[in-house]
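Commentary on secondary and tertiary structure
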Amino acid sequence: MAASEPPLTRDTASCYTDSAQFTTPEAQVLNEYARMAANLDKLATLASSLASTQPALLNHLRPLERKLGLVLTLFKASVWATLQAEEARREEEELAAFEREEEEQAEQQARQRAQGRHRLRFDDDDDDDDDEDEEERDRRDTAAAYGQTLQSQAAQLPPPTRARRSVR
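- Identification of the chain as DASH complex subunit DAD3 from Mixia osmundae is taken from an unreviewed UniProt entry.

Below, the structure written as structure tokens:
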């Protein structure tokens, strides 16, 4: 376009159809270009008006963004702490169940030994003193073996984890 020509608008775009120097398809194409140019001008005006109001809007939204970031961080921390507490509770329950099972097994073994010795006592009444000493030795051996078993199994367990809370 030349500098002397007015900007194309919808009203001036129709001048191409009235002109005799263009064929009908050329005039239609030029009219579409004129409408598109007018729409782009409107869009540019609207974009510049929005751009001038945007910094004020952003200044109002920045504190909200900070608060939401803090809320999200606290939410993540509380979820993590809950999961860690649940895991620690589950590990404690597993350890307690394991210890109960070991105690039951030790008691069952002690009963079986006691039943075996009881039958021997009825068979051999002269060895009462020896049986008592042997019974005491068996109890000590059973307690020592039980203690060693618990220590070795406790050494194999991972150390308990504690929930760490951090505030960012």
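1. Regarding the overall build of the chain
- Along the backbone of the chain there are 4 helices and 0 strands.
- In the chain, the order of α-helices and β-strands from amino to carboxyl end is α-α-α-α.
- With 168 residues in all, the chain has 11% of them scored as buried.
- If you take every contact in the chain between residues at least 6 apart in sequence, the share linking residues at least 24 apart comes to 57%.
- Surface accessibility of the chain: about 14200 Å² in total, with carbon and sulfur atoms responsible for 55%.

2. Notes on the environment of Arg 117
- Mapping Arg 117 onto the fold places it in helix H3 (residues 24-123).
- The class for Arg 117 is buried, based on a relative accessible area of 8%.
- Setting aside its immediate chain neighbours within four residues, Arg 117 contacts Glu 134, Glu 135 and Asp 138.

3. Here's the deal with the layout of surface pockets
- Each pocket or cavity is described by its volume, and for the second largest pocket that value is around 160 Å³.
- If you trace the second largest pocket, you find it lined by Glu 102, Gln 105, Ala 106, Gln 109, Arg 113, Asp 141, Thr 142, Ala 145, Tyr 146 and Thr 149.
- Elements that contribute at least two residues to the lining of the second largest pocket include exactly H3 and helix H4 (128-156).
- Partitioned by chemical class, the residues of the lining of the second largest pocket number 3 nonpolar, 4 polar and 3 charged.

4. Digging into a nonpolar patch on the surface
- Together, Val 29, Tyr 33, Met 36, Leu 40 and Leu 43 make up a nonpolar patch on the protein surface, roughly 520 Å² of accessible area in all.
- Mapped onto the elements of the fold, Leu 40 is located in helix H3.

5. Some remarks on the pattern of salt bridges
- Tallied over the full model, the rule gives 5 salt bridges.
- Between Arg 89 and Glu 93 there is a salt bridge, with its nearest N and O atoms 2.4 Å apart. Of the two residues, Arg 89 and Glu 93 both sit in helix H3, 4 residues apart, roughly one turn of that helix.
- Residue Glu 136 pairs with Arg 139 through a salt bridge whose shortest N-O separation is 3.8 Å. With Glu 136 and Arg 139 both in helix H4, this residue pair falls 3 residues apart, about one helical turn.

6. Points about the confidence of the model for the chain
- Here the chain averages 78 in pLDDT, while 76% of its residues score no lower than 70.
- Summarising per-element confidence for the chain, the mean pLDDT is lowest in helix H1 (residues 10-13) (52) and highest in H3 (87).
- Note on residues 1-6: pLDDT under 50 across the span, and 2 contacts to partners over four residues away in sequence or across chains.

7. Side note on a negative patch on the surface
- Among the surface-exposed residues, Glu 99, Glu 101, Glu 103, Glu 104 and Glu 107 lie close enough to one another that they form a single negatively charged patch.
- For Glu 99, a relative accessible area of 35% gives the class partly exposed.

Criteria and thresholds
Residues numbered from 1 in each chain as written. Predicted model: local features only at pLDDT ≥ 70, side-chain atom pairs only at ≥ 80, totals over all residues. Heavy atoms only, no water. Helix = DSSP H or I, 4+ residues; strand = E, 2+ residues; numbered from the N terminus. Buried < 20%, exposed > 50% of the residue type's maximum accessible area, 1.4 Å probe, protein only. Contact = heavy atoms within 4.5 Å. Areas by Shrake-Rupley, 256 points an atom, 1.4 Å probe, with all protein chains shown as cover. 1 Å grid on protein atoms, 1.4 Å probe; cavity = no way out; pocket = protein on both sides within 12 Å on 5 of 7 lines; lining within 4 Å. Points joined across faces, edges and corners; volume = space filled by probe spheres on them. Nonpolar A, V, L, I, M, F, W, Y, C, P; charged D, E, K, R; others polar. Patch = residues over 30% accessible without salt bridge, like charges linked within 9 Å, V, L, I, M, F, W, Y side chains within 5 Å. Salt bridge = Lys/Arg side-chain N within 4 Å of Asp/Glu carboxyl O. pLDDT = per-residue confidence, 0-100. Lys, Arg positive; Asp, Glu negative; His and termini not counted. Charge placed at Lys NZ, Arg CZ, Asp CG, Glu CD.

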